[in-house]
Amino acid sequence: MAAPPAPGEGPVRPVSVSLHEGTIAALKERTGKRGMSAYVEALIQRQLERDRLRELIEEAEVEHGPVDQAAVEAKRALLRGGTADSADAA
């Protein structure tokens with residue numbers, strides 16, 4: 001038995017979802033009527049990626065313990081082109 005397609009793969013099929021009228025209006029304004037499906041597809045794929053990343057982080061924390069927030073902030077500062085001290089000043 002073949003594995004199901006990964007997110008973003010396989011044939012496109014129509015589905016029905018229920019959304020609030022205000023959400024639909026904002027979506028149409030942002031995407032136009034024809035861009036709605038692609039926009040929603042991208043949002044769902046991004047959320048699935050975030051969910052999986054959260055699961056991986058939780059698994060790693062079970063195995064290795066909680067993340068050291070000071071180390072995270074130091075790395076974040078380096079990625080932003082500064083040091084941990086300069087991140088605190090911002």
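For the structure, see preceding data.
These lines cover the structure that appears in this document, whether it is placed above or below. Chains are numbered independently. Their residues run from 1 in the order of the written sequence. Reporting in this predicted model follows two pLDDT cut-offs: at least 70 for local features of residues, and 80 or more for side-chain atom pairs to be given and counted; totals over whole chains, interfaces and linings ignore these cut-offs and use all residues. Here the side-chain values reflect all heavy atoms present in the structure, with hydrogen atoms and water set aside.

**Examining the overall build of the protein**
(1) Moving on: Along the protein, the regular secondary structure elements total four helices and zero strands.
(2) Moving on: N-terminal to C-terminal, the α/β element order of the protein is α-α-α-α.
(3) Moving on: The C-alpha radius of gyration computed for the protein amounts to 20 Å, which surpasses the reference 12 Å derived for 90 residues by more than 25%, pointing to a less compact arrangement than a globule.
(4) Moving on: With respect to the principal axes defined by its C-alpha atoms, the protein has extents near 50 × 40 × 25 Å.
(5) Moving on: When burial is assessed residue by residue, the protein has 3% of its 90 residues classed as buried.
(6) Moving on: By element, 56% of the accessible surface of the protein is carried by carbon and sulfur atoms, the whole surface being about 8300 Å².
(7) Moving on: Measuring between centres, the 12 positive side-chain charges of the protein sit 11 Å from its 15 negative side-chain charges. Secondary structure follows DSSP: runs of H or I at least 4 residues long count as helices, runs of E at least 2 residues long count as strands, and numbering of each begins at the N terminus. Note that the radius of gyration is over C-alpha atoms, with the globule rule given as 2.2 Å times the number of residues to the power 0.38. For every residue, the accessible area (1.4 Å probe, protein chains only) is compared with the maximum for its type, and the residue is labelled buried under 20%, exposed over 50%, or partly exposed between those bounds. Computed with the Shrake-Rupley method and a 1.4 Å probe, the accessible areas treat only the protein chains shown as cover for residues. Under the counting rule used here, the positive set is Lys and Arg, the negative set is Asp and Glu, and His together with the chain ends is not counted. To locate a charge, the coordinates of NZ of Lys, CZ of Arg, CG of Asp or CD of Glu are taken.

**Comments concerning helix α3 (residues 69-79)**
(1) Moving on: Side-chain atoms alone can form a polar contact between residues adjacent in sequence; in general such a contact is a pair of N or O atoms within 3.5 Å, and within protein one must be able to donate a hydrogen while the other accepts it. For α3, the capping residue at the N-terminal end is Asp68, with a side-chain oxygen 3.1 Å from the backbone nitrogen of Ala70.
(2) Moving on: Of the residues trailing α3, Gly81 is marked for its positive phi of about 90°.

**Remarks on the packing of helix α1 (residues 21-31) against helix α2 (residues 36-64)**
(1) Moving on: Between α1 and α2, whose axes approach to 9 Å, the crossing angle comes to 105°. Between α1 and α2, the angle is such that the two are roughly perpendicular. Touching Leu27, Lys28, Arg30 and Thr31 of α1 are Met36, Tyr39 and Val40, all from α2.
(2) Moving on: The class makeup of the residues in the contact of α1 with α2 is four nonpolar, one polar and two charged. All axes here are fitted lines through C-alpha atoms, helices being fitted over the stretch that makes contact, and every angle between N-to-C directions spans 0 to 180 degrees. When an angle is under 35 degrees it counts as roughly parallel; over 145 it counts as roughly antiparallel; between 65 and 115 it counts as roughly perpendicular; any other value is oblique. Two residues form a contact once any of their heavy atoms are found within 4.5 Å. For this classification, Asp, Glu, Lys and Arg are treated as charged, while Ala, Val, Leu, Ile, Met, Phe, Trp, Tyr, Cys and Pro are nonpolar and the rest, including Gly, are polar.

**A short note on the layout of surface pockets**
(1) Moving on: Considered as a void within the structure, the largest pocket measures approximately 820 Å³ in volume.
(2) Moving on: Of the grid points, spaced at 1 Å and generated over the protein atoms alone, those admitting a 1.4 Å probe that cannot get out make up cavities, while open sets with protein on both sides within 12 Å along at least five of seven lines make up pockets; any residue with an atom within 4 Å of a point is treated as lining. Lining the largest pocket we find 23 residues, and of these Arg13, Val15, Ser37, Val40 and Glu41 sit closest to its centre.
(3) Moving on: Where the lining of the largest pocket is concerned, the elements lending two or more residues are α1 and α2.
(4) Moving on: Of all the elements, α2 adds the most residues to the lining of the largest pocket, at eight residues. Grid points are joined across faces, edges and corners, and a volume is the space filled by probe spheres set on the points.

**Examining α2**
(1) Moving on: Here α2 spans 42 Å end to end across 29 residues, near enough to the 42 Å set by a 1.5 Å rise per residue.
(2) Moving on: Downstream of α2 by one or two residues, Gly65 has phi in the positive range, about 95°. One less than the number of residues in a helix, times 1.5 Å, gives the span that helix is expected to have.

Function cannot be inferred from these measures alone, as they are strictly geometric.
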